[in-house]
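# Observations on the three-dimensional arrangement
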Amino acid sequence: MSLSLKIFLLFIFSAFALRAEPLRYSLSTEFQDFYLNPKNSSPLFAKYEFKTVGSFELSPVLSLKTNVAVNYVQLTKQDDQKYVINPTDLGLLASTSWVDLNLGFWTLSPEGTDINNIFEVIHGKDYRQPLASENLGSLGALVDFHVSSLDFKLFYIPKNRKSLLPDTQSPWWPRTDALPVTNSSGTFLLPDNISYNYR
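Residues numbered from 1 in each chain as written. Predicted model: local features only at pLDDT ≥ 70, side-chain atom pairs only at ≥ 80, totals over all residues. Heavy atoms only, no water.

## Some remarks on the pattern of salt bridges
Close approach of charged atoms lets side chains of opposite charge pair. All chains considered together, the criterion is met by four salt bridges. Note that glutamate 134 is salt-bridged to lysine 47, the shortest N-O span being 3.9 Å. Here lysine 47 lies in strand 2 (residues 44-57) and glutamate 134 lies in strand 7 (residues 134-135), a separation of 87 residues in the sequence. Taking the shortest distance from any N to any O, the salt bridge between arginine 128 and aspartate 126 comes out at 2.8 Å. By the burial criterion, arginine 128 is buried, and aspartate 126 matches it. (Salt bridge = Lys/Arg side-chain N within 4 Å of Asp/Glu carboxyl O. Helix = DSSP H or I, 4+ residues; strand = E, 2+ residues; numbered from the N terminus. Buried < 20%, exposed > 50% of the residue type's maximum accessible area, 1.4 Å probe, protein only.)

This is the structure:
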């Protein structure tokens with residue numbers, strides 16, 4: 001974690017402590033056992049996450065927001081042990097009747113059809129648990145305009161965070177191995193026209 005981010009986090013938590021503004025904390029865990037996986041991958045996948053959420057009002061139009069998660073993925077065997085800090089909403093929010101300005105870390109989920117973000121290029125993603133991938137907060141500026149019945153957003157991200165892929169020992173990677181059958185010496189004959197029934 002960079003020095004600037006550490007200073008920013010220290011400033012925010014100090015501000016909350018000085019005003020005794022309560023923060024909400026949560027702790028979540030996830031365990032999965034891949035018992036049919038081949039021996040060259042980890043059979044265990046576990047994820048631990050600590051999250052803090054809060055808001056501190058500096059003035060009627062300016063507030064300090066924090067929504068930060070720290071998570072760790074554990075495998076039975078892995079190349080690299082990595083803690084990930086994901087600030088999905090961390091920074092200053094200036095809000096009026098017609099515009100909201102976010103400065104700091106944030107995530108944006110475009111509304112409407114998928115064509116608005118068809119390749120999900122706005123943010124990097126955490127793919128270490130592919131069935132529940134998460135956006136990684138980006139440092140930048142986000143402006144949300146409210147004009148009559150129209151609502152549109154402009155944002156600028158100087159440098160996006162890189163997406164995180166599963167560890168090379170992760171059970172989520174596809175593996176080449178024999179099917180879990182008792183006798184592996186048999187021959188399978190398939191007809192030319194194969195049809196599938198889904199139930």
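## Describing the sheet that holds strand 9 (residues 150-156)
An order of 1-2-3-4-5-8-9 is seen for the seven strands of this open sheet, with the pairing classed as antiparallel. The two strands at the open ends of the sheet, each matched to only one other strand, are strand 1 (24-33) and strand 9. Mean inter-strand twist for the sheet, computed between neighbouring axes without regard to direction, equals 15°. When strand 1 meets strand 2, the two strands line up antiparallel, connected through ten bridges. The residue bridging serine 26 from the neighbouring strand is lysine 51, located in strand 2. (Pairing = 2+ DSSP bridges. Axes fitted to C-alpha atoms, helices over the stretch in contact; angles between N-to-C directions.)

## So, the environment of valine 121
As for its placement among the helices and strands, valine 121 is situated in the loop between strand 5 (99-106) and strand 6 (125-126). Classification of valine 121 as exposed rests on a relative accessible area of 63%.

## Some thoughts on the side chain of lysine 125
With respect to the helices, strands and loops of the structure, lysine 125 is situated in strand 6. Given the relative accessible area of 8%, lysine 125 is considered buried. Only 3.0 Å separates the side chain of lysine 125 from the side chain of asparagine 135, close enough to count as a polar contact. (Polar contact = N/O pair within 3.5 Å; in protein donor to acceptor, adjacent residues only side chain to side chain.)

## Describing the pairing of strand 2
Every regular strand shows the same layout, with side chains that alternate between the two sheet faces. Here strand 2 runs beside strand 3 (residues 62-75); their pairing, made up of 13 bridges, is antiparallel. What sits directly across from serine 55, in strand 3, is lysine 65. Hairpin connection of strand 2 to strand 3: four residues between the antiparallel strands.

## Section: the packing of aromatic side chains
Each aromatic ring pair is characterised by the separation of its centres together with the angle its planes make. Across all of its chains, the model carries six aromatic pairs by this definition. A ring pair is formed by tyrosine 72 and tyrosine 83, whose centres lie 4.7 Å apart and whose planes are at 25°; its orientation type is stacked. Taken together, the positions of tyrosine 72 in strand 3 and tyrosine 83 in strand 4 (residues 83-95) put the pair eleven residues apart, joining distant regions of the chain. Centre to centre, the rings of phenylalanine 145 and phenylalanine 152 are 5.1 Å apart; their planes meet at 25°, and the pair counts as stacked. Since its relative accessible area comes to 40%, phenylalanine 152 is described here as partly exposed. Feature note: the residues Trp98, Phe145 and Phe152 constitute an aromatic cluster, connected by ring pairs. (Phe/Tyr/Trp six-rings, centres within 6.5 Å; stacked < 30°, edge-to-face > 60°.)

## As for empty space enclosed by the protein
Enumeration over the complete set of coordinates arrives at one cavity of 30 Å³ or more. In this structure, the largest cavity spans a volume of roughly 40 Å³. Lys65, Asp89, Leu90, Gly91, Leu92, Asn102, Leu103, Gly104, Phe105 and Trp106 are the residues that line the largest cavity. Looking at the lining of the largest cavity, the elements that each hand over two or more residues are strand 4 and strand 5. If one sorts the elements of the lining of the largest cavity by residue count, strand 5 sits on top with five residues. (1 Å grid on protein atoms, 1.4 Å probe; cavity = no way out; pocket = protein on both sides within 12 Å on 5 of 7 lines; lining within 4 Å. Points joined across faces, edges and corners; volume = space filled by probe spheres on them.)

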